Amino acid sequence: MSSSPRRIDSLETILNFQNRDVQSQWSVVWSTTHIPGMDNAAGGMARRPVIGRRRLHIGALTLGAFLTMHCRIAAAALTGGFFFFMFFFILAVMLLANPLRHFEVYLGQWSISGPGRAFRIIPMLDGIGMAICINAIVRAITCCTIAAIAAMYVLHSVRDDRLPYTYCRDFELRPYDPILKDSRTLYPKPRSDPDSEFTTLGFDELAWRNFSLYKRETFRKRRKSPQIAVCKETYSGGYPSLFNTPPYNFFYIEVMSLREDQSFKIINTSLVPCIIFTWVMLWLLMIIEHCVYKRMVWNNMRLWLIAVPWTWVILLVGLAVSKTNITNKAFRKYFRTGAMEVIVVITDAFECALYIHSASTGTELIHGKGLNHYGTKIIPASGHIDPHLNSENVWHSGLLLILTALHSGAAALCAFDDCAHPNPKVYNMYDSTLWIIPLYSKCTLVGNYTHLLSTVIFGGMMFSYMTVAFLLLKTALHTIFEYRVKLVFKEQTVVAGLMLSCMALSLIFATNGGLPLLESVDVVMSELSTPYVCLLELIGLFYVYRGHDFLSDINIATEDNTCSTRISSQWHIIPLITLLVIGLKLTQLKHSELPKRILYVALTPLAAVLLAVPLRAFYNACLFLRLTWRQDKT
């Protein structure tokens, strides 16, 4: 048994068996915890463990809270029906996301390592860390691009006297005023018409997200049909059919420069500066952090950041409630649940549960490593399990559930202001998520406060996506430094190379075909790459713990806690659930409305994730054979 110092209430782990010393030596050599000048916990606060551990918990919760602010969550809830989605979302958190997060944090504590070395005992699965790193980098690129889109809205909100999403533009970007039309003349064709298609948005067929009420108060007094502000632009393609009202006209035509040819040759000159600005800001933050701490700090999150998501979502809820007429017949008529196929709603719920718990990004592994780092009163890690992990994990998921429900509910109420689509032909949009952005711009149209509300809503969205991108990039850097420890001494060179490479890749989204490519990459990485990496982690956990040792160690770690039985039983089913989610997502993508050609291009980063493990295994095998051959020769 090892005699390393430990907390009074810490618990023994499998590392206290005969291989404890060997594992600890590996941790010292390969883990960045003990690299000179490299502290990946919380800002070098090793002498203040209480503050350090609190910062780790707050940092993990802040990341999840910012993820609940993303468009993907609200789009999934609206597309599947709010209550129907939330029911399966809660099940997904209980059955998959919460225990998986528990396993990831627990593995970080057990191995005293981040993603790059957590699975080092299994040479054939050593590439899991590379897969996690690639997944984190690609998701950071998409997050930073969406942050740039939100930055354009902020820029217009503080600069223009008249907000651009209140009038129309043609494809040459010439502005003109929309035409007001009676909503009754713009309803979709009856269901019996074989040439018409209808949206399955969780509402009635006549319900859609493209409805603009003109002088709602006047309409209530006169009891006349509401007027819809309609633009004259049309788009012949099936993705998307949302050019008719000013907010969607502005988003698709000017912000995203979407054209029917969907070419990657024509650059959107208005979006490019915003993309460069977001990347430069993230780079400057890393440089400032290096100047202050003399090193990179993985989880340098301030406690006040947790207030940003709560303030933002409460403001959005207030806006949505103020614009919703609950007594309106449209509210009672259009509010339905379960209009989509059940399979789509269930898979979206499981995907979103993994998404907000930051599964497969490596952040929770480093979180566990950091908790272990603060498990004793001295710097070296102890390898003991945090006895309070389960209760903190439950609180973590509970708070994220509340935020998700508030955000999704607010988006649903905002959608009731969009209760009729002027197109006779409406397409299903299961995989598209960024149409939520112009929906929020409509929700901020409140009299003289529109500019202020628009600035706050889109400023919060920009800050959210940038914060998530920042942490994902820091996690990727942590993984790179674990695989190649000597790169730590060239820290800023590695950071510069990563930032410039990601910035260059982001610019491809600022083209005529950038929007479908952005959404395709986001779909592939969120819906396929994330559960695939989670499945690899679960397989790795099974082999790391050799079955019986894993269950016994879990029981020890959760002693005198009801979590013990739950975790032991869920361990047998969550790999099957994850595999089922992957299968369902593959089936769903076959019927995606996203352009097939661009969707195939978006499979490139997924291919990199898929090949990371076998290529790393092949490298390890060659290295082992070469060392064996040298030993035999000598």
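Scroll up for the structure.
Described below are features of the structure shown in this document.

Analysis parameters
Residues numbered from 1 in each chain as written. Predicted model: local features only at pLDDT ≥ 70, side-chain atom pairs only at ≥ 80, totals over all residues. Heavy atoms only, no water. Helix = DSSP H or I, 4+ residues; strand = E, 2+ residues; numbered from the N terminus. Buried < 20%, exposed > 50% of the residue type's maximum accessible area, 1.4 Å probe, protein only. Contact = heavy atoms within 4.5 Å. Areas by Shrake-Rupley, 256 points an atom, 1.4 Å probe, with all protein chains shown as cover. Disulfide = S-S within 2.5 Å. Core = buried A, V, L, I, M, F, W, Y, C linked by side-chain atoms within 4.5 Å. Patch = residues over 30% accessible without salt bridge, like charges linked within 9 Å, V, L, I, M, F, W, Y side chains within 5 Å. Salt bridge = Lys/Arg side-chain N within 4 Å of Asp/Glu carboxyl O. Phe/Tyr/Trp six-rings, centres within 6.5 Å; stacked < 30°, edge-to-face > 60°. Lys NZ or Arg CZ within 6 Å of the ring centre and 35° of its normal.

Attention shifts here to the overall build of the protein chain. Within the protein chain, the secondary structure is distributed over 21 helices and 4 strands. Within the protein chain, the proportion of its 634 residues that are buried is 62%. Restricting the contact set of the protein chain to residue pairs at least 6 apart, pairs at least 24 apart contribute 84%. Split by element, the accessible area of the protein chain, about 25,300 Å² in all, is 65% carbon and sulfur.

The next thing to look at is the state of the cysteines. Applying the stated criterion across every chain, the model contains 2 disulfides. Two residues share a disulfide in this structure: Cys168 and Cys231, whose sulfurs sit 1.9 Å from each other. Negative torsions about the S-S bond denote left-handed disulfides, and the value of about -80° found for Cys168 with Cys231 makes this one left-handed. Of the two residues, Cys168 sits in strand β1 (residues 168–169) while Cys231 sits in the loop between β4 (227–230) and α7 (246–255), which places them 63 residues apart along the sequence. Just as Cys168 is buried, Cys231 falls in that class too. Within the protein chain, bonded cysteines paired by disulfides and numbered along the sequence follow the pattern 1-2, 3-4. Of all cysteine sulfurs in the structure, the one in Cys144 sits closest to Cys143, which takes part in no disulfide; the separation is 8.4 Å.

Our next topic: the side chain of Arg101. The residue Arg101 is located in helix α4 (residues 82–111) in this model. What Arg101 contacts, discounting residues up to four positions off in sequence, is Ala60, His357, Glu364, His367, Asn393 and His396.

If you look at the biggest cluster of nonpolar residues, it comprises 159 residues, and the most contacted ones within it are Phe89, Ile149, Phe251, Trp279, Ile437 and Tyr440. The dominant element in this core, judged by the number of residues it contributes, is helix α5 (residues 128–159), at 20 residues. Here Trp279 is in contact with Ala140, Ile141, Cys144, Leu473, Met499, Cys502, Met503 and Ser506, once residues within four sequence places are set aside. Counting residues in hydrophobic clusters, the runner-up holds 7 residues, among them Leu56, Tyr106, Trp298 and Leu371.

Another aspect to go through is a nonpolar patch on the surface. A cluster of nonpolar residues, Ile276, Phe277, Val280, Met281, Leu284, Ile287, Ile288 and Val292, forms a patch on the protein surface that exposes about 640 Å² of accessible area. Along the polypeptide, Phe277 turns up in helix α8 (residues 272–293).

According to the stated counting rule, one finds 15 salt bridges in the structure shown. Of the charged contacts, one joins Asp177 and Arg162 as a salt bridge, the two residues approaching to 2.9 Å between their closest N and O atoms. Of this pair, Asp177 sits in the loop between β2 (175–176) and β3 (179–182) while Arg162 is found in the loop between α5 and β1, placing the two residues 15 residues apart along the sequence. Under the relative-accessibility criterion, Arg162 is labelled partly exposed at 44%.

Turning to the packing of aromatic side chains, a few remarks are in order. In this description, a pair of aromatic rings is defined by centroid distance and the angle of the planes. Taken as a whole and assessed by the stated rule, the structure comprises 11 aromatic pairs. Taking 5.1 Å as the distance between ring centres and 70° as the angle between the ring planes, the aromatic pair formed by Phe82 and Phe83 counts as edge-to-face. What makes Phe83 partly exposed here is its relative accessible area of 48%. An angle of 85° between the planes, with centres 5.1 Å apart, marks the rings of Phe84 and Phe88 as edge-to-face. Residue Phe84 and its partner Phe88 are located together in helix α4, separated by 4 residues, close to a single helical turn. Within the aromatic cluster, the residues linked to one another by ring pairs are Tyr153, Tyr165, Phe250 and Phe458. Against the face of Tyr176 rests Lys232, its NZ or CZ located 5.0 Å from the ring centre.

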